[in-house]
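Observations on chain architecture
Here are the chains, one letter per residue:
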Amino acid sequence: MSDRIATALQYLAPKLALTQLAGRWAHARAGRFTTATIRWFVRRYQVDMAEALEPDITAYASFNDFFTRALKPEVRPIVPARLCCPVDGAVSQLGRITQGSIVQAKGHTYTASALLGGDRALAAQFEGGRFVTLYLSPRDYHRIHMPCRGRLTHMTHIPGSLFSVNPVTARNVPGLFARNERIVCLFETELGTMALVLVGATIVGSMCTVWHGQVNPPRSGHIRHWDYAQQDITLNQGEEMGRFQLGSTVIVLLPEGPTQWQADWTPGRVVRLGEAMAQESAEPENGR
């Protein structure tokens, strides 16, 4: 199927209805049917169950229990680094935030302000800083962990569309990540303010954080804010901060500073939770 046809189908598909249906199915405890579905999924996407804390697929009561499965701690060690990778996935894009602009794909950009729900003052904090977009495929581990130690200050749920976030859609739907439903989590770190943006997609039944639980649904249709500035919610590097119930994309925003992405991090590179994501050194010529 051509990219053009696949993208056109994204516009035409009843994305919210599909997502609601998928959410109900994923939560269903349907015994042998659930087990058969998980077994098919493992074969179809070549999921490595040897890494799972519970490798027996019959032990999962629902598809979501399987999809948000924990891993054995030893399979994703946290390396000593200024920032470590927060997920299993692949690099979609990365680079500088210049004049408020973030690269989505070749020929496509969107603004930091749009991504952050129209908050220009917040977006200005990341001007000259860096972003990385990490795509989680169906086979990946779908919990999100902290790149560094941080104290939570704010969370925003921004309603939006539910386009797929796969590479084909990223290449063809303008402003994809600023159009889709998303959760913006702000942390104060030794690097300054860090944003972790969890982006929803078609059939992503819900997104959760460890401090709030399930954030969506409900889908109220308006932006919702939670202020944690007066609370001491601090998460250590490598600690779980949230999860996707069916998968999607994480975007990390950093303020301007000497931190740069690892030299071998390029679009398409497969990454793993806990590996070194960034280092602090002299400014490189390519502005990574």
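Data block above holds the structure.
Residues numbered from 1 in each chain as written. Predicted model: local features only at pLDDT ≥ 70, side-chain atom pairs only at ≥ 80, totals over all residues. Heavy atoms only, no water.

1. Looking at the state of the cysteines
Heads up, the rule is: Cysteine sulfurs are considered disulfide-paired once they come within 2.5 Å of each other. Whether a residue is buried, partly exposed or exposed follows from its accessible area with a 1.4 Å probe, protein chains only, as a fraction of its type maximum: under 20%, in between, or over 50%, in that order.
Applying the stated criterion to the full structure yields zero disulfides. C85 takes part in no disulfide bond, and the closest cysteine sulfur, belonging to C84, lies 7.5 Å away. The exposure class of C85 is buried, given its relative accessible area of 0%.

2. Some thoughts on the sheet that holds strand β6 (residues 143-145)
Selection criterion: At least two bridges found by DSSP between two strands is the condition for calling them paired. Helix and strand assignments follow DSSP, with helices taken as H or I runs no shorter than four residues and strands as E runs no shorter than two, numbered in order from the N terminus. Every angle, taken between N-to-C directions, lies between 0 and 180 degrees, and every axis is a line fitted to C-alpha atoms, over only the stretch in contact when it is a helix.
Taken in spatial order, the four strands line up as β6-β14-β10-β11 in an open sheet, and their pairing is antiparallel. The open sheet terminates on both sides in strands that have one partner only, identified here as β6 and β11 (213-216). For this sheet, the mean angle separating the axes of adjacent strands, direction not counted, is 25°. When β6 meets strand β14 (residues 240-245), the two strands line up antiparallel, connected through three bridges. The partner of R143 across the bridge, within β14, is R243.

3. Topic: the pairing of strand β15 (residues 249-254)
As a general feature of sheets, a regular strand has side chains that alternate between the two faces. Summarising burial for β15: six of the six residues are buried, a large majority. Because side chains alternate across β15, one face comprises the buried residues T249, I251 and L253, and the other comprises V250, V252 and L254, equally buried. In this sheet, β15 lies alongside strand β5 (residues 130-135) in antiparallel orientation, the contact comprising six bridges. Across the sheet, residue R130 finds its bridge partner in β15, namely L254. Examined bridge by bridge, strand β9 (residues 192-199) and β15 share five bridges and lie antiparallel to one another.

4. Some points on unusual backbone geometry
In this structure, Q46 is a non-glycine residue whose phi angle is positive, near 55°. Tracing the sequence through the fold places Q46 in the loop between α3 (32-45) and α4 (63-67). The exposure class of Q46 is exposed, given its relative accessible area of 57%. Not every positive phi belongs to a glycine, and Q99 is a case in point at roughly 55°. Looking at where Q99 falls in the secondary structure, it is placed in the loop between β2 (89-96) and β3 (101-105).

5. Notes on the environment of T193
For clarity, the cut-off: By the convention used here, residues are in contact when the closest approach between their heavy atoms is within 4.5 Å. We call two N or O atoms a polar contact when they sit within 3.5 Å, provided that within protein one can donate a hydrogen and the other can accept it, with sequence-adjacent residues counted only if both atoms are side-chain atoms.
Tracing the chain through its elements places T193 in strand β9. For T193, a relative accessible area of 11% corresponds to the buried category. It is 8.5 Å that separates the C-alpha atoms of T193 and L253, two residues lying 60 residues apart in sequence. Those residues in contact with T193, other than ones at most four positions away along the chain, are Q125, F126, L186, F187, E188, L253, L254 and P255. In this structure the side chain of T193 is engaged in a polar contact, spanning 3.3 Å, whose partner is the side chain of Q125. One polar contact links T193 to E188, side chain to side chain, over a distance of 2.6 Å.

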